[in-house]
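Reading the structure
If you want the building blocks of each chain, they are given just below.
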Amino acid sequence: MPRIYTHHHTVFNSEGDAWGQLQPSGVLRILETAAILAAAAGGYGDEFHAAQGTAWVIRRMSLLLLAPAHVSAELEIRTWASHFMRVRGGREYNIQNLTTGESVARGIAEWVYVDRRSGMPRPIPPQVGIDFDVPGAPLGLYEAPSVALMPPPTEYTANRKAEWYEADSMGHGNNTVYADGLAARFPGVQLCHHVLGL
């Protein structure tokens, strides 16, 4: 069984919108923090990556928002590595609102292991899968959400200038910026029960 890491987070005032609701970009930041803490707890924190000259970069994130979380809500984030394959690793997430008892979100991220200097993908050390107890069973603990069939999604395309402050420590655009862009374009739109593919 994969190693499950649990992280607790209280939604801060600064994370809420005008209605006091945690925005999708805030959810993504919390998931990223949980992944970093989970990796460090498994022995793959900053010191490991500094010594190896490596880092993980999010390639793709699928997020199902189930219920809103508001300022002061106590959240429990459970995350686990679901699979590793060559240069890519999967991490799954489940967020529970301990204040209301509701499931807030579920997500699956695809991370790519990269060389910090070149930015190119690097093979994942085999020991990583062993340490995180991932015996080749992708999605082992994933409970597929029951979601009613929806009409084909509306596609939204926009051109915008990337700003330096939006970059992560490797100079990549942080994936949470896309969710902020959606919230800015569609203020007040309730995004629960929608899958965001970022």
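Residues numbered from 1 in each chain as written. Predicted model: local features only at pLDDT ≥ 70, side-chain atom pairs only at ≥ 80, totals over all residues. Heavy atoms only, no water.

This part is about the overall build of the chain. Each helix and strand counted, the chain has 4 helices and 6 strands in total. The linear arrangement of helices and strands in the chain, starting from the amino end, is β-α-α-β-β-β-β-α-α-β. Of the contacts formed within the chain by residues at least 6 apart in sequence, a portion of 73% connects residues at least 24 apart. Summed over its atoms, the accessible surface of the chain is roughly 11600 Å², and 56% of this surface lies on carbon and sulfur atoms. (Helix = DSSP H or I, 4+ residues; strand = E, 2+ residues; numbered from the N terminus. Contact = heavy atoms within 4.5 Å. Areas by Shrake-Rupley, 256 points an atom, 1.4 Å probe, with all protein chains shown as cover.)

A few words on the pattern of salt bridges. All told, the structure shown has 4 salt bridges when counted by the stated rule. Put simply, glutamate 110 and arginine 59 hold a salt bridge, and the shortest N to O gap is 2.8 Å. Of the two residues, glutamate 110 is situated in strand E5 (residues 103–115) and arginine 59 in strand E2 (residues 54–65); the sequence distance between them amounts to 51 residues. For glutamate 110, a relative accessible area of 15% gives the class buried. In this structure, arginine 122 engages aspartate 115 in a salt bridge whose closest nitrogen and oxygen atoms are separated by 3.3 Å. Here the salt bridges share partners, and the residues they tie into one network are Arg59, Arg60, Arg88 and Glu110. (Salt bridge = Lys/Arg side-chain N within 4 Å of Asp/Glu carboxyl O. Buried < 20%, exposed > 50% of the residue type's maximum accessible area, 1.4 Å probe, protein only.)

Among the 10 residues in strand E4 (residues 88–97), 8 count as buried, and that is most of the element. Two strands pair when backbone bridges link them, and strand E3 (residues 74–85) and E4 are joined in this way by 10 bridges, in the antiparallel orientation. Note that in E4 the partner of leucine 75 across the bridge is asparagine 97. Counting the residues in the hairpin turn of E3 and E4 gives 2 residues, including arginine 86, whose phi is positive at 55 degrees. In terms of strand pairing, E4 meets E5 through 9 bridges, oriented antiparallel. (Pairing = 2+ DSSP bridges.)

The next point concerns the nonpolar core. Counting residues in each nonpolar core, the largest one holds 22 residues, and the members touching the most others are Val27, Leu31, Leu75 and Ile95. Within the residue set of this core, elements represented by two or more residues are helix H1 (24–41), E2, E3, E4 and E5. Among the elements that take part in this core, H1 stands out by supplying 6 residues, more than any other. Setting aside residues up to four positions removed in sequence, leucine 31 forms contacts with Met61, Leu63, Ile77, Tyr93 and Ile95. Of all hydrophobic cores here, the second largest spans 8 residues; its members include Ala39, Tyr113, Val128 and Phe132. (Core = buried A, V, L, I, M, F, W, Y, C linked by side-chain atoms within 4.5 Å.)

A few words on the confidence of the model for the chain. Overall, the prediction assigns the chain a mean pLDDT of 82, with 77% of residues at 70 or greater. When the elements of the chain are averaged for pLDDT, strand E6 (residues 195–197) gives the smallest value, 55, and strand E1 (residues 5–10) the largest, 96. Note on residues 137–142: pLDDT is under 50 here. Beyond four places in sequence and across chains, it has 12 contacts. (pLDDT = per-residue confidence, 0-100.)

Following the criterion strictly, the structure yields 3 aromatic pairs and no others. Taken together, a centroid distance of 4.7 Å and an interplanar angle of 80 degrees make the contact between tyrosine 44 and phenylalanine 48 edge-to-face. Judged by its relative accessible area of 10%, tyrosine 44 is buried. Each ring, one from tryptophan 56 and one from phenylalanine 84, has its centre 6.3 Å from the other, and the planes form 45 degrees; the classification is tilted. Taken as a pair, tryptophan 56 in strand E2 and phenylalanine 84 in strand E3 lie far apart in primary sequence, 28 residues in all. Judged by its relative accessible area of 23%, tryptophan 56 falls in the partly exposed class. Residue classification places phenylalanine 84 among the partly exposed positions, given a relative accessible area of 26%. An aromatic cluster of three or more residues is present, and its members are Trp56, Phe84 and Tyr113. (Phe/Tyr/Trp six-rings, centres within 6.5 Å; stacked < 30°, edge-to-face > 60°.)

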